[in-house]
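# Secondary and tertiary structure notes
Below, each chain spelled out in residue letters.
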Amino acid sequence: MSELANQVIQHSRTARWLHWGFIAVFIYALTKQLDELEELEDFALLQYEMVFAALFLILLIARFVFMRTTRPSALPDSTPQQTKVLAQAVHLGMYACLTLIPVTGLVIGGLYWTGIRDGMAMEAALLLHEIAVNTSYLLILGHVLAALYHRHRGDGIWSAMVPFWKEPQR
């Protein structure tokens, strides 16, 4: 491994569990997404969606607080400042979008539950929800591409969080 890889801060087992566990929850959420707003007429489904959104939000906040208070960036000090700023922006952008998804979902569910099924408030909530989902896809793609770039470089960043497909020795 390169000298740079020796400077990389390895994430703890808890940090890795939170990272990969959250990915599993996000994928589960994607498989259970609604096709049509009218599906919320099923009160049991509406309740499930509201509870799931609240739990998703709690898990995301817990993950954010844990990572921000206990885990510094895995990037070594020698990383160019522009790269650090970009990495920080992508991470914060992902957290913002992933927070907006359940928050707007809760707003949509709350509006639907109170009988507001169309109009400007519902349209705004649906639009913001869609923008957050689509933006999160783009930011996650950027995050994955950056991780693959670091794996290719063999600088240790990949191995700081990924417990499989280890980096080639350089």
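Thresholds applied
- Residues numbered from 1 in each chain as written.
- Predicted model: local features only at pLDDT ≥ 70, side-chain atom pairs only at ≥ 80, totals over all residues.
- Heavy atoms only, no water.
- Phe/Tyr/Trp six-rings, centres within 6.5 Å; stacked < 30°, edge-to-face > 60°.
- Helix = DSSP H or I, 4+ residues; strand = E, 2+ residues; numbered from the N terminus.
- Buried < 20%, exposed > 50% of the residue type's maximum accessible area, 1.4 Å probe, protein only.
- Core = buried A, V, L, I, M, F, W, Y, C linked by side-chain atoms within 4.5 Å.
- Patch = residues over 30% accessible without salt bridge, like charges linked within 9 Å, V, L, I, M, F, W, Y side chains within 5 Å.
- Areas by Shrake-Rupley, 256 points an atom, 1.4 Å probe, with all protein chains shown as cover.
- Salt bridge = Lys/Arg side-chain N within 4 Å of Asp/Glu carboxyl O.
- Axes fitted to C-alpha atoms, helices over the stretch in contact; angles between N-to-C directions.
- Parallel < 35°, antiparallel > 145°, perpendicular 65-115°, else oblique.
- Left-handed = near helix turned anticlockwise from the far one by under 90°.
- Nonpolar A, V, L, I, M, F, W, Y, C, P; charged D, E, K, R; others polar.

## Focus on the packing of aromatic side chains
- In the structure shown here, the tally under the stated rule is six aromatic pairs.
- On the numbers, 5.6 Å between centres and 55° between planes, the contact of Tyr28 with Phe52 is tilted. With Tyr28 in helix H2 (residues 13-31) and Phe52 in helix H3 (residues 43-70), the pair connects residues that are 24 residues apart, well separated along the chain.
- According to the relative accessible area criterion, Tyr28 is partly exposed, its value standing at 34%.
- Taken together through their ring pairs, the aromatic side chains of Phe22, Phe26, Tyr28, Tyr48, Phe52 and Phe56 make up a single cluster.

## Side note on the nonpolar core
- Formed by 13 residues in total, the largest nonpolar core has its most connected members in Phe22, Phe26, Phe56, Leu60, Met67, Leu98 and Ile101.
- Listed by contribution, the elements that provide at least two residues to this core are H2, H3, helix H4 (81-113) and helix H5 (120-153).
- Top element by residues in this core is H3. It accounts for four residues.
- Leu37, Leu46, Met122 and Ala125 belong to the second-largest nonpolar core, a separate cluster that totals eight residues.

## Let's talk about a nonpolar patch on the surface
- Among the surface-exposed residues, Leu141, Val144, Leu145, Leu148, Phe164 and Trp165 lie close enough to one another that they form a single nonpolar patch of about 580 Å² accessible area.
- Within the secondary structure, Phe164 is located in the segment after helix H6 (157-161).

## Some points on the packing of H4 against H5
- Where H4 meets H5, the closest approach of the two axes is 8 Å, and the angle between their N-to-C directions is 155°. Judged by the angle between their axes, H4 and H5 are roughly antiparallel. For the pair H4 and H5, the crossing hand works out as left-handed.
- Of the residues assigned to the contact of H4 with H5, the class counts are 19 nonpolar, eight polar and no charged.

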